[in-house]
Amino acid sequence: MPSLVEHDVSVEILNVLTGLPNPVEADIVYLKSARELAVIKDLIHFTTLHKIRKYIAVQKEMQQKKRHYGDIPINWRDYIQLAVELGYDVKKKSVLFPKDVMQEHDKLVQLKQIKYDPVVDAKIKKAYPALQQRYSYEDNNYLITVPRNFEDFKAEGVTLLHCVCTNKYYLNHLAGTNLIFFLRLQGAPEAPYFTIRYDPRTNAILECHGYRHNNPDDAVKAFTGKWRRFIANTKPGAEEAA
């Protein structure tokens, strides 16, 4: 370890250094310039100090370009705590190091604040049977199903890290203007894969997003194309008569 006396290391910095496997001089220099040593100490539980320095520097540069000046270390630490509370796997690199930590922090804050609404939940449950009968579809690889309750909307947003719940798309779903459907792999029918926002008036897919708003590949696009043709060729009520 570099000479602590030479660098005039404080007790607070020493407490952080004791949590590092092989501290180097650059670590001491960084910690002496850091404002929130307690926050850095919290972050070290999840990654290395080298990666912390690198990630914070990248995020600060990004936020300055966007003219956002929030405290990156604190918001990152709070984002990780929220992610853990909401059940995210923070061992995943894409979760621990989001592309825009300030944006993801604000998204999780909203998600945390979403409260269970029994009235909305009852309406979603009531709408489910008819929508499922009308729009459910499957082939050998994929299936499309309908949200069964309010918790389905929340779980979809939490797992795929998108805004299907925070943007309250369930309200348009209940109004019948933009319906929400879940696209699943046949081998994992309960695991969120892609979320579809659909206009029943025009038989158009307005959005189809997977994890972190990823766009569908050609196989998923081909499947949703078959689904739309199925809807166009199946008159409402035909299922009941069949």
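Just so it is clear, the model here is predicted, and its values are computed rather than measured.

**Notes on the overall build of the protein**
A count of helices and strands for the protein gives twelve helices and five strands. Here the protein holds 242 residues, and the buried ones make up 45% of them. For the protein, contacts bridging at least 24 residues in sequence account for 59% of all contacts bridging at least 6. Per element, the accessible surface of the protein, about 13600 Å² overall, is 53% carbon and sulfur.

**Notes on the packing of helix α4 (residues 49-65) against helix α5 (residues 72-85)**
The contact between α4 and α5 brings their axes to 10 Å, and the two run at 110 degrees. In terms of orientation, α4 and α5 fall into the roughly perpendicular class. In the crossing of α4 with α5, the sense of the turn from one axis to the other is right-handed. Facing α4, whose interface residues are I52, Y55, I56, Q59, K60 and Q63, α5 presents I72, P73 and W76. Partitioning the contact of α4 with α5 into residue classes produces six nonpolar, two polar and one charged.

**A closer look at the sheet that holds strand β2 (residues 142-145)**
For sheets, the rule is that strands pair by backbone hydrogen bonds, running either parallel or antiparallel. Strands sit in the order β1-β2-β3-β4-β5 across an open sheet of five strands; the sheet is antiparallel. On the outer flanks of this sheet lie β1 (137-138) and β5 (204-209), each paired with one strand and no other. Looking at chain direction, strand β4 (residues 194-199) and β5 are connected through five bridges and run antiparallel. By the bridge assignment for β5, D199 is matched with A204. Strands in contact with helix α8 (residues 118-135) are β1, β2, β3 (179-185) and β4; relative to β3, the strand with the most contacts, it is inclined by about 60 degrees. Contacts from helix α9 (residues 150-160) reach β3, β4 and β5, with the element oriented near 55 degrees to β3.

**Some words on the pairing of β3**
Among the seven residues in β3, six count as buried, and that is most of the element. Where β2 meets β3, four bridges bridge the pair, whose relative direction is antiparallel. Opposite T145, over in β3, you have F182 as the bridge partner. Here β3 pairs with β4 via five bridges, running antiparallel. The residue bridging L179 from the neighbouring strand is Y198, located in β4.

**Describing the environment of V158**
Here V158 lies in helix α9. Judged by its relative accessible area of 12%, V158 falls in the buried class. Distance in space between the C-alpha atoms of V158 and P192 is 9.6 Å, their sequence separation being 34 residues. Excluding residues within four positions of it along the chain, V158 makes contact with L86, Y88 and L111.

**Regarding the side chain of Q132**
Examined against the element boundaries, Q132 turns out to sit in helix α8. By relative accessible area, Q132 is classed as buried at 18%.

**Some thoughts on the nonpolar core**
Counting 42 residues, the largest nonpolar core has I40, I52, W76, Y88, L108 and L111 as the members making the most contacts within it. Considering each element in turn, this core owes the most residues, six residues, to α5. Residues L131, Y142, L183 and I196 belong to the second largest nonpolar core, which totals 17 residues.

**Comments concerning α9**
With eight of eleven residues buried, α9 lies mostly within the body of the structure. Residues of α9 that are buried: F150, D152, F153, K154, E156, G157, V158 and L160. Tucked into the core, α9 has its buried residues touching α7 (101-113), α8, α10 (169-175), β3, β4 and β5. The N-capping residue of α9, defined by a side-chain oxygen 3.2 Å from the backbone nitrogen of E151, is N149. Phi turns positive, to about 55 degrees, at L161, one or two residues after α9.

**Details of unusual backbone geometry**
Although it is not a glycine, N203 adopts a positive phi angle of roughly 55 degrees. Secondary-structure assignment places N203 in the loop between β4 and β5. A residue is classified by how much of its surface remains accessible, and N203, at 16% relative accessible area, is buried.

About the thresholds
Residues numbered from 1 in each chain as written. Predicted model: local features only at pLDDT ≥ 70, side-chain atom pairs only at ≥ 80, totals over all residues. Heavy atoms only, no water. Helix = DSSP H or I, 4+ residues; strand = E, 2+ residues; numbered from the N terminus. Buried < 20%, exposed > 50% of the residue type's maximum accessible area, 1.4 Å probe, protein only. Contact = heavy atoms within 4.5 Å. Areas by Shrake-Rupley, 256 points an atom, 1.4 Å probe, with all protein chains shown as cover. Axes fitted to C-alpha atoms, helices over the stretch in contact; angles between N-to-C directions. Parallel < 35°, antiparallel > 145°, perpendicular 65-115°, else oblique. Left-handed = near helix turned anticlockwise from the far one by under 90°. Nonpolar A, V, L, I, M, F, W, Y, C, P; charged D, E, K, R; others polar. Pairing = 2+ DSSP bridges. Core = buried A, V, L, I, M, F, W, Y, C linked by side-chain atoms within 4.5 Å. Polar contact = N/O pair within 3.5 Å; in protein donor to acceptor, adjacent residues only side chain to side chain.

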